[in-house]
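Fold and contact review
Residue strings, one per chain:
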Amino acid sequence: MGFFTDTSLCIGCKACEVACKEWNRLPADAPFELTAMSFDNTGQLSGSTWRHVAFIEQRKPVRAPQAPGGRPSGDQGAGDLRWLMASDVCKHCTDAACLNVCPTGSLFRTEFGTVVVQEDVCNGCGYCVSACPYGVIDKREDDGRVFKCTLCYDRLGDGLVPACAKACPTESIQFGPVDELLERAEARLRSLHRDGVQDARLYGEDPEDGVRGNGAFFLLLDEPEVYGLPPAPMDPTRDLPSMWRHAAAAAAALVCGVAAAFLTARR
């Protein structure tokens, strides 16, 4: 199970943020004051914010929607200012680096294919924080443990939709089996391309990428970097087996060299 977030439908209402905080009883972000930088007052995902709606003000030529007959709708046919809004969340990677480096088993893969933190098992080592290629998982400084989106694991167990998807008024956040969501996302992408939105693209859906695809993927209207997402995320633990093999080979060669030197010296 997973999320498909269609940013072309997001209106920035932040209902998902509020629903996530209310259902999971997450603390308010401190200090609770306006940043004066944007309508985005949350700033980023954190241990106390598991859904974050970004507001991106962008200077870029924008075509107005076309009325029947090919005429621009409204008084103007184009503009140079647009808002990009996107609700970000944990990606629930197929190759989850956070899960791979956890020494206590606090992070585990659920029967729904999602990755969840067991707070009572977490020892606060922070290995998962540095391992996550998306910078999602975070530690609460006043608590010492790490927290992130669980894809409402408790609600899924009762057959309910995650709180953020339930609260989204435009269905920008869609929940369901990942295979079905992928089909829906590809159809939506084709529709946008037909309508002239050539910058639209899917992000996180490719099983051949550096994390073998995400359980939460997105339809974006510009480059991933514009949204603060890495263009080529990579599981930093993927090369560990070969690194250990090379280390073992080097150690064996060293032992053989020392033994040979010792025997030569004795002669």
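Notes on the structure in this doc start here. The shown structure was predicted, so the numbers you read here are calculated from the model rather than taken from an experiment.

Okay, the pattern of salt bridges next. Taken as a whole and judged by the stated rule, the model has 7 salt bridges. In this structure, the salt-bridge partner of Asp6 is Arg188, at a minimum N-O distance of 3.0 Å. With Asp6 in strand 1 (residues 2-6) and Arg188 in helix 6 (residues 178-194), the pair connects residues that are 182 residues apart, well separated along the chain. Residue Arg188 is classed as partly exposed on the basis of its relative accessible area of 25%. Across the salt bridge formed by Arg145 and Asp143, the nearest N and O atoms sit 2.7 Å from each other. Judged by relative accessible area, Arg145 falls into the partly exposed class, the value being 27%.

Of all 5 residues in strand 10 (residues 216-220), 5 are buried; the element is thus mostly enclosed. By the alternation rule, side chains of strand 10 split into Ala216, Phe218 and Leu220 and Phe217 and Leu219, which are all buried. Direction of pairing for strand 1 relative to strand 10: parallel, over a ladder of 4 bridges. Looking across to strand 10, one finds that Thr5 is bridged to Phe218.

In this section: unusual backbone geometry. Of note in the backbone geometry, His92 takes a positive phi value of approximately 50° without being a glycine. Along the chain, His92 turns up in the loop between strand 3 (78-88) and helix 2 (97-101). Given a relative accessible area of 3%, His92 falls into the buried group. If you check the backbone angles, Arg212 has positive phi at about 60° while not being a glycine. By the secondary structure assignment, Arg212 is in the loop between strand 9 (201-203) and strand 10. When its relative accessible area of 45% is taken as the criterion, Arg212 is described as partly exposed.

A word on a negative patch on the surface. A cluster of acidic residues, Asp179, Glu180, Glu183 and Glu186, forms a negative patch at the surface. The topology assignment puts Glu180 in helix 6.

A few words now on helix 1 (residues 15-24). Among all positions of helix 1, only Cys16, Glu17, Ala19, Cys20, Lys21 and Asn24 are buried. Once helix 1 ends, the next one or two residues include Arg25, with phi positive near 55°.

Turning our attention to the side chain of Arg155. The residue Arg155 is located in helix 4 (residues 153-157) in this model. One buried charged residue, Arg155, remains without a salt bridge, the closest side chain of opposite sign being Asp154 at 6.2 Å. At 2.6 Å, the side chain of Arg155 and the backbone oxygen of Val161 are in polar contact.

In protein structure, a disulfide is the covalent linkage between the sulfur atoms of two cysteines. This model, assessed by the stated rule, comprises 0 disulfides. Cysteine Cys90 shares no disulfide, and the gap to the nearest cysteine sulfur, in Cys149, comes to 5.7 Å. Looking at Cys98, it has no disulfide partner, and the nearest cysteine sulfur is the one in Cys132, 6.3 Å off.

Analysis parameters
Numbers given for residues are sequential positions, taken from 1 along each chain in its written order. Thresholds applied to this predicted model are a pLDDT of at least 70 for local features of residues and 80 or more for the giving and counting of side-chain atom pairs; totals over whole chains, interfaces and linings are not thresholded and use all residues. Neither water nor hydrogens contribute to the side-chain values; these are computed over all heavy atoms in the structure. What counts as a salt bridge is simple: a side-chain nitrogen of Lys or Arg found within 4 Å of a carboxyl oxygen of Asp or Glu. By definition, any uninterrupted DSSP run of H or I lasting at least four residues is a helix, any uninterrupted run of E lasting at least two residues is a strand, and each is numbered from the N terminus. The classification of residues rests on relative accessible area computed with a 1.4 Å probe and restricted to protein chains. Under 20% of the type maximum is buried, over 50% is exposed, and intermediate values are partly exposed. The criterion for strand pairing is that DSSP finds at least two bridges linking the strands in question. Candidate patch residues must exceed 30% relative accessible area and have no salt bridge, after which like charges are joined if within 9 Å and Val, Leu, Ile, Met, Phe, Trp or Tyr side chains if within 5 Å. Residue-level accessible areas treat just the shown protein chains as cover; the underlying method is Shrake-Rupley with a 1.4 Å probe. Just so you know, the count uses Lys and Arg for positive and Asp and Glu for negative, and it drops His and the chain ends. Charge coordinates come from a single atom per side chain, which is NZ of Lys, CZ of Arg, CG of Asp or CD of Glu. Two N or O atoms count as a polar contact when they lie within 3.5 Å, although within protein this holds only if one can serve as hydrogen donor and the other as acceptor, and sequence-adjacent residues are included solely when both atoms are side-chain atoms. A pair of cysteine sulfur atoms is labelled a disulfide when the two atoms are within 2.5 Å.

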